[in-house]
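Reading the structure
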Amino acid sequence: MTIIQAIILGVLFCFCRMGILYTWPKNIPLFGALLIGIVLGDVPQAMIIGAAIQAIYMGVIQPGGNIPTDQVLATFIAVPIALQSNLEPAVAVTLAVPVGLLGVLLDYIRRTVNAAWIHMADSYAEKGNTNGIMRAHFLYPTLALIGIYIIPVAIAIYLGPNAVNAFMEIVPDWIMTGLQVAGGILPALGFAITISVIGKGNVIPYFLFGFFLFQYASQVNTIAFALFGMFLAFLHITFTKNKTEEAGAL
Amino acid sequence: MEQKEKLLTKKDIRRSWMYWLGTCELSNSFERLQTLAFAACLAPIFKKLYKDDEELKLALKRHLTFFNTEGIWGSLIHGIVIAMEEERARGEDISDEMITGLKTGFMGPLAGIGDTVDWGTIRPIVIGLFLPLASAGSWIAGLGPFVIVSLITSSISYYLWHLGYRVGRKSILQVLKDGRINQFITASSVLGMFMMGILSSQYVKISLKPEIVVNNETTTIQSYVDQILPGLLPVTAVFIMYYLIRYRKVKYTNILLGVLAISLLGALIGLF
């Protein structure tokens, strides 16, 4: 890992995490892993590790902009370290879990700092200064990210492998096992969040149906399941047609 | 009725949409969330509409009050607000309260729809479809979701933004109460739920390690659980967390810390 690579990764992390291009999936482990793989010259291995990390964040969405855990930071710290130190994907996941939590802290800092720009915008509005308001939205939050995101993350990526290797030697086995177990349970949180956002009571049985269907028919591929799901959705609206029309979206 | 003169061009509308889609979360702050993004992305429009300085100041201040929605489906609000501001600039009787009321009235429901359709359904399903490719080391899995999800959600947003502008505030209720939109949302939550089930089944993993001796044979407790109902522990975990979030309003971070604590403790005593 050269300093240049660490800085490039810091900038790419910032791009993925800064909240531009709204729904575009740049803030997921799969996309981050692709970028990291390109920078560090090992795309296939980066994707394999990225897939393991993606698995624990499958259902994670951010209702109201609050992230439960930062999958982007987890990816940008864990994947380069795993690549440099030839770690197994499962071990990379154990790194990702605590780092993801730390990422929430970074997000807190960012959104606290951002409160400053809206106060500037208030005073620009008093003067009718539209350019000032646009600078307060487009420019200042972006500049602040050099200090909040790029520098700390570049340093962490640069120093990471040594620190992690030193840490791995002293940490007891049960902690590693415990973190791996957590990596297995955590996807549940993402799915639980998603269900609580999209699930009105009468569609929850479809969750259970999908869950147990997969337990008994896990060799069927996901695309086939998606088609099956569309068929179910079609049946559901066909048989509840009058009800949904009356209910209204609001 | 005479044809009303348009003060804004198609380009103005499209440019503000691009600003919004590109940066609606950029200046997100704990204090007023997407407020600054809303005001800044529409600022060029206000500047064009209100030649009078006092009116411009009023417009800017009006849109620096609280705003937060799901950016894609919330686009409908922006379209309507632009139409209302245009009417106001033309001298129609449109008050501050009407505009602010419309924004605050619709940002919640549209956020609900957007979270369901975009974040809860489209994104996880598409990512789920590409995950096996990623596990096989393919770069396509990095790019695939990026291209597909971006295209779908941007198109929805573009359509709703322009729809809002075209129909204006009078028709918004009709649009939202239209049976087809409802059916679409219900259908996507059914599909989303079903796929969440499939994906949880695939990715949530909990198994118990302790062994017991039955009829002189050593087996794990896990194999007994599997005989009763495969996946019993993972599905229980999902629903315990669902219960905590939905009915106990527990913070995500606390659940996450709880999972870590239980996992570490379980590993220490040899449960997992």
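Residues numbered from 1 in each chain as written. Chains lettered and ligands numbered in written order. Predicted model: local features only at pLDDT ≥ 70, side-chain atom pairs only at ≥ 80, totals over all residues. Heavy atoms only, no water.

A few words now on the interface of chain B and chain A. Contacts between the two partners involve 114 residues from chain B, matched on the other side by 107 residues from chain A. For the chain B and chain A pair, buried surface summed over both sides reaches about 10400 Å², with 76% attributable to carbon and sulfur atoms. One salt bridge connects D122(A) with R32(B), and the closest N-O pair in it is separated by 2.8 Å. Applying the counting rule to chain B against chain A returns 21 residue pairs in polar contact (both at pLDDT 80 or more). Looking at the side of chain B that touches chain A, the element that brings in the most residues is helix α8 (residues 179-203) of chain B, giving 20 residues. Class assignment of the residues belonging to the side of chain B that touches chain A gives a composition of 67 nonpolar, 33 polar and 14 charged. (Contact = heavy atoms within 4.5 Å. Buried area = accessible area lost by both parts, 1.4 Å probe. Salt bridge = Lys/Arg side-chain N within 4 Å of Asp/Glu carboxyl O. Polar contact = N/O pair within 3.5 Å; in protein donor to acceptor, adjacent residues only side chain to side chain. Helix = DSSP H or I, 4+ residues; strand = E, 2+ residues; numbered from the N terminus. Nonpolar A, V, L, I, M, F, W, Y, C, P; charged D, E, K, R; others polar.)

This part covers unusual backbone geometry. Residues and elements named next belong to chain A. A positive phi angle, near 50 degrees, is found at L21, a position not held by glycine. Within the fold, L21 resides in the loop between α1 (3-17) and α2 (29-40). For L21, a relative accessible area of 21% corresponds to the partly exposed category. (Buried < 20%, exposed > 50% of the residue type's maximum accessible area, 1.4 Å probe, protein only.)

So, about the packing of helix α5 (residues 89-113) of chain A against helix α8 (residues 173-185) of chain A. Residues and elements named next belong to chain A. It is the contact of α5 with α8, at a shortest axis distance of 8 Å, that shows an interaxial angle of 80 degrees. Classed by the angle they form, the pair α5 and α8 counts as roughly perpendicular. Touching A90, V91, V93, T94, V97 and P98 of α5 are M176, L179, Q180 and G183, all from α8. Among the residues making up the contact of α5 with α8, the classes are represented as 7 nonpolar, 3 polar and no charged. (Axes fitted to C-alpha atoms, helices over the stretch in contact; angles between N-to-C directions. Parallel < 35°, antiparallel > 145°, perpendicular 65-115°, else oblique.)

Once that is clear, we can look at the UniProt feature "transmembrane region" (unreviewed entry) in chain B. All names here are of chain B. Residues given the UniProt feature "transmembrane region" (unreviewed entry) here are residues 139-161, 181-204, 224-245 and 252-271. Helix makes up 96% of residues 139-161 and strand makes up 0%, while its end C-alpha atoms are separated by 34 Å. Along residues 224-245 the backbone is 86% helical and 0% strand, and the end-to-end C-alpha distance reaches 30 Å. (UniProt positions renumbered as here; feature names shortened; annotations may be inferred.)

Moving on: the environment of V164(A). All names here are of chain A. Considering the arrangement of structural elements, one finds V164 in helix α7 (residues 130-170). We classify V164 as buried; its relative accessible area is 12%. In the structure, V164 is positioned 79 residues away from S85 in sequence and 9.1 Å away in space, judged by C-alpha atoms. In contact with V164, other than residues within four places in its own chain, are I81 and L95.

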